[in-house]
Amino acid sequence: QVQLMESGGGLVQAGGSLSLSCAASGGIFSTYDMGWFRQAPGKERELVAVVTIYGTTVYRESVKGRFTISRDNAKNTVYLQMNNLKPEDTAVYYCRADQSGSPRAWGQGTQVTVST
């Protein structure tokens, strides 16, 4: 089963940028659809962005034009570039790997905090 490890979270002022990375191991990375999710305190975990094995991307409405998801199959890594961050983007960010017929895999999460 694939294992995931996120990195790149931190504290940033509103309007700033952060770049998250999620490194995968133990599976054939190019065969997984990869997603970024986030969970704020007291809220449900929500989808932020997805990039499929074909390179198709999907974003939640509130991050369109600010966040960019990308993948590098040679490095077994998925990225989330976050620009013009807002306080409401504060959450723990998780990456997820999906493959038909295989158990869904989650990373341990990385905290993103956006101050006013």
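So, a few notes on the structure that sits alongside this text. (Residues numbered from 1 in each chain as written. Predicted model: local features only at pLDDT ≥ 70, side-chain atom pairs only at ≥ 80, totals over all residues. Heavy atoms only, no water.)

## Considerations on the nonpolar core
At step 1: Counting residues in hydrophobic clusters, the biggest one holds 29 residues, and the most contacted among them are Leu4, Met34, Trp36, Leu80, Met82 and Tyr93.
At step 2: Of all elements in the fold, only strand 3 (18–25), strand 4 (33–39), strand 5 (46–51), strand 7 (67–72), strand 8 (77–82), strand 9 (91–98) and strand 11 (110–115) reach the threshold of two or more residues within this core.
At step 3: Setting aside residues no more than four positions away along its own chain, Leu4 makes contact with Cys22, Ala23, Ala24, Met34, Cys95, Arg96, Ala97, Ala105, Trp106, Gly107 and Gln108. (Core = buried A, V, L, I, M, F, W, Y, C linked by side-chain atoms within 4.5 Å. Buried < 20%, exposed > 50% of the residue type's maximum accessible area, 1.4 Å probe, protein only. Helix = DSSP H or I, 4+ residues; strand = E, 2+ residues; numbered from the N terminus. Contact = heavy atoms within 4.5 Å.)

## Side note on the state of the cysteines
At step 1: Inspection of the entire model under this criterion finds one disulfide.
At step 2: In this model, Cys22 is linked to Cys95 through a disulfide, with the two sulfur atoms separated by 1.9 Å. On the S-S bond that ties Cys22 to Cys95, the torsion sits near 45°, and the link is right-handed. With Cys22 in strand 3 and Cys95 in strand 9, this pair connects stretches of sequence that are 73 residues apart. The exposure classification of Cys22 matches that of Cys95, with both residues buried. (Disulfide = S-S within 2.5 Å.)

## Quick look at the environment of Asn76
At step 1: Residue placement: Asn76 occurs in the loop between strand 7 and strand 8.
At step 2: When the C-alpha positions of Asn76 and Gly101 are compared, they lie 20 Å apart, and in sequence the two are 25 residues distant.
At step 3: Ignoring sequence-local partners within four residues, the contact set of Asn76 consists of Cys22, Ala23, Ala24 and Phe29.

Without other data, these values stay purely geometric and don't point to any function.
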